[in-house]
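# Observations on the three-dimensional arrangement
Here are the chains, one letter per residue:
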Amino acid sequence: MPSLFVIRGRDQGTRFELEDDVMSIGRDSSNSIQLHDTEVSRSHAVLRRSGRAFLLADQQSSNGTYLNGRPIKTEELAGGDQVQLGQTLLLYTGFADNANADLSDKVNIVGQIQEDRSSRIVRSMSQEEGSALFGETPAGTQSPWLVRARSNLQIMYRTALAVSHTLDIDQLLGRIMDMIFEWVEADRGCIMLKDVETGLLAPKVRRDRRAPQIEDRITISKTILDYVVEHNEGVLTSNARDDDRWNPAQSILQMGVREAICVPMQGRYDVVGVIYIDTSTSPQQMVKQQGMVDKFTEDHLKLMIAIAHQAALAVEDTSYYKAMVQAERLAAVGQTIATLSHHIKNILQGVRGGSYLMELGLEDHTRAARQPEPDTNTMVDAARMIRKGWDIVEKNQEKITALVMDMLTFSKEREPEPVASDLNQLVSDVVELMAGRARDLGVQLKWKAGEPMPTLMFDPDGMHRAVLNVITNAIDACDCVEDGQVNISSSYAPEEQIARIVVADNGSGIEAADLETIFTLFVSRKGGRGTGLGLPVSQKIMKEHGGRICVESRPGEGSRFVLELPAVPPDAAEPPEEARRTPRRSTGETRATSPSQQQ
Amino acid sequence: MATPGRVLIVDSSDDSRAVLREALSRNGTEIFEASRSDTGLALARSCRPDVIVVDVDENSQPHPQVSRDFDQATHDGSASVLLLATARRNVEPLAAGEVVAKPYHYAPLIRKIEELLARAA
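Residues numbered from 1 in each chain as written. Chains lettered and ligands numbered in written order. Predicted model: local features only at pLDDT ≥ 70, side-chain atom pairs only at ≥ 80, totals over all residues. Heavy atoms only, no water.

Take the sheet that holds strand β2 (residues 30–34) of chain B next. Residue and element names in this part refer to chain B. Spatially, the 5 strands line up as an open sheet ordered β2-β1-β3-β4-β5, and their pairing is parallel. Each of the sheet's edge strands pairs with one partner strand only, and the pair in question is β2 and β5 (99–102). The sheet shows a mean angle of 20° between the axes of neighbouring strands, direction not considered. For strand β4 (residues 80–86) and β5, the ladder comprises 4 bridges, and the chain directions are parallel. Along β5, the bridge assignment pairs L84 with V100. Seen against the sheet, helix α4 (residues 106–120) touches β1 (6–10), β3 (51–55), β4 and β5 and runs at an angle of roughly 160° to β4. (Pairing = 2+ DSSP bridges. Helix = DSSP H or I, 4+ residues; strand = E, 2+ residues; numbered from the N terminus. Axes fitted to C-alpha atoms, helices over the stretch in contact; angles between N-to-C directions. Contact = heavy atoms within 4.5 Å.)

This part is about a negative patch on the surface. All names here are of chain A. On the surface, a cluster of negative charge is contributed by E17, E19, D20 and D21. With respect to the helices, strands and loops of the structure, D20 is situated in the loop between β2 (15–17) and β3 (22–26). Accessibility expressed as a relative area gives 41% for D20, which makes it partly exposed. (Patch = residues over 30% accessible without salt bridge, like charges linked within 9 Å, V, L, I, M, F, W, Y side chains within 5 Å. Areas by Shrake-Rupley, 256 points an atom, 1.4 Å probe, with all protein chains shown as cover. Salt bridge = Lys/Arg side-chain N within 4 Å of Asp/Glu carboxyl O. Lys, Arg positive; Asp, Glu negative; His and termini not counted. Charge placed at Lys NZ, Arg CZ, Asp CG, Glu CD. Buried < 20%, exposed > 50% of the residue type's maximum accessible area, 1.4 Å probe, protein only.)

So, on to the packing of helix α7 (residues 298–369) of chain A against helix α1 (residues 14–25) of chain B. Where α7 of chain A contacts α1 of chain B, the axes come no closer than 9 Å and their chain directions differ by 20°. Accordingly, the angle class assigned to the pair α7 of chain A and α1 of chain B is roughly parallel. Considering the relative orientation of α7 of chain A and α1 of chain B, their crossing is left-handed. Residue-level inspection shows Q349, G350, G353, G354, Y356, L357 and L360 of chain A of α7 of chain A in contact with α1 of chain B, the latter providing D15, S16, V19, E22 and A23 of chain B. In terms of residue class, the contact of α7 of chain A with α1 of chain B is made up of 5 nonpolar, 5 polar and 2 charged. (Parallel < 35°, antiparallel > 145°, perpendicular 65-115°, else oblique. Left-handed = near helix turned anticlockwise from the far one by under 90°. Nonpolar A, V, L, I, M, F, W, Y, C, P; charged D, E, K, R; others polar.)

This part takes up the layout of surface pockets. Residue and element names in this part refer to chain A. Roughly 990 Å³ of internal volume is contained in the second largest pocket. Surrounding the second largest pocket, 29 residues form its lining, R8, L89, K194, D195 and V196 being those nearest its centre. Taken together, the elements giving at least two residues each to the lining of the second largest pocket come down to β1 (3–8), β10 (82–85), α4 (169–183), β12 (188–194), β13 (201–208), β16 (271–281) and α7. Here the element with the most residues in the lining of the second largest pocket is α7; it accounts for 5 residues. Taken together, the residues of the lining of the second largest pocket break down into 14 nonpolar, 7 polar and 8 charged. (1 Å grid on protein atoms, 1.4 Å probe; cavity = no way out; pocket = protein on both sides within 12 Å on 5 of 7 lines; lining within 4 Å. Points joined across faces, edges and corners; volume = space filled by probe spheres on them.)

What follows deals with the state of the cysteines. The tally for this structure, following the rule as stated, stands at 0 disulfides over all chains. Between C262 of chain A, a free cysteine, and C190 of chain A, which holds the nearest cysteine sulfur, the sulfur-to-sulfur gap is 8.0 Å. (Disulfide = S-S within 2.5 Å.)

All names here are of chain B. A complete count under the given rule lists 3 aromatic pairs over all chains for this structure. An angle of 75° between the planes, with centres 5.2 Å apart, marks the rings of Y104 and Y106 as edge-to-face. A single burial state applies to Y104 and to Y106, both of which are buried. (Phe/Tyr/Trp six-rings, centres within 6.5 Å; stacked < 30°, edge-to-face > 60°.)

Residues and elements named next belong to chain A. Here we have 6 strands laid out as an open sheet, ordered β2-β1-β11-β10-β7-β8, and antiparallel in their pairing. Every interior strand has two partners, whereas the edge strands, β2 and β8 (70–72), have only one. Shown here is a sheet whose adjacent strand axes are inclined to one another by a mean of 30°, direction ignored. The pairing of β1 with β2 spans 3 bridges and is classified as antiparallel. By the bridge assignment, S3 is partnered in β2 with E17. α7 contacts β1, β2, β10 and β11 (88–93) of the sheet and is inclined by roughly 100° relative to β1.

Structure (structure tokens):
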């Protein structure tokens, strides 16, 4: 689907999918696309679909609508276009190109037999060999033009290679400068990039062929820089051409001559910076060369323009990539904070409610106890209310514990700490823990331990969490059905060396489209009750063990989750350092995990 | 002060429903509960509550629409509808007193419900 992705501005990281045929853009909340930018008009622009394209039209906005840096009234958008409204910069992604959709029917990859019959590998070549394309000129072809052309091609080829191998702009600019110094007889050079906010040029890298002298500052005329940026043209300058200082009698011979090349870094849409190099010819050299001091030629200028363009494209790509990563990161952080805040708020609301009931119960109890003849009925009711309040507080305390445990499990890269453990005992513990919750929801919990089940090496705490989350989900899935039932069983397949835990429910089931996202972080089908952490955490734990979770589901009929754990017998595993130091843990211990954890 | 009457609570949170039920039924108020808005609407039609308390955060409908749905469900709009909602920007404001911002404290909420019950009596 076509979209506008905000790459700069207050809404950075937001993607607006262009679902409707007409979509308005503006600061006001009534717009299909609302931009939180004070320089955007209330009703700024409108997008109208025209076949497989969108037309962008300015709505007489105060600050105008810009497409790829130029103001527009109405223009058709193409994929990759940049739209600027106020301070907000958006990247347009067009309709998917279906031209190549069915190419699989037109291209055959055939088996080895047919391949052998028709063709064979005659010569292979590595990347390094390929880069020698512009190597030594063969003998007999020493035409100066040809040599120069080959050299230039080689420079461009190496530039392209160099800029494609880094995503760090400073490193990229450093490489460009190094290569320029390799090919051009420059003494000093610098690259300046345009600040996206202020539009001012700021030096990013400087190179000197010789160690720079103190106070050896590169002085560049602002007039020249402005000319290069505004006219998008490279310039070759010399302080020797505009006067008659070549007369040896003149004092210029005491100062020498400085030549410079300054070229724009022209990207796809705009000039992103400039590259400047210069060279000096000393009075002695001038005398020696009898005034012939043209170290920089028109060919150098052409080459520099080509290099600068290549560098600009790489700078743009790197900047977009960084902006995209940053935007995605901001969006992810925002979503995480919003989701977690929502759950924590609900938990706090529960704690507040439980505390309130306890307070009411205590008030009633105190009042009844102070009567001349204590009202025992009221006191019993008050005690019941206190109990009810405490249960709610305790349940929410367990919820916050589960949330924190899931967050910790998901956030850190960890290796499981396998110890020899009894898988059936572990599942039995979880079932026992969940029995109360299942009973509250009227769901029948059945557990059948598969025998024989050998002692296996796994991280009992991790597996406990993984199984708990899956069983919790199964119970919750049965909340809306009559005679809800969750059947849990285990089995061991010695020939496959796999232990399985099956959790099957007759609950609401999962739509096929939703099956793809059940392991996606923060995606929950349980509305406000779900954190969207449970199943991703279970899957992470199983993967850490080298296992997996398989799911089958039919809407309206129920779901079947199979947790597959590679069966590692104790004698096949090298016990971790910690396990060697500490006594073996029993999986039967009670853990501070929650029966109320909700996916 | 006893404020008998009929209150319908529509809230997906078991805890919130339990707290309101316990606190309101102390004074003899009859409580009806629903965890989803569709079953809540059905109960509103059948049990004729005096006050309907609806948590709208899980409801995809905009706030005024939820209020109108429950008003219509009580035939003559005789029930007072109290919405529990997280304050959001760009939400069409409702008449004063119809929305209690989340997260809320229970004591003022109970007082508000009892006021509405007293008004209905």
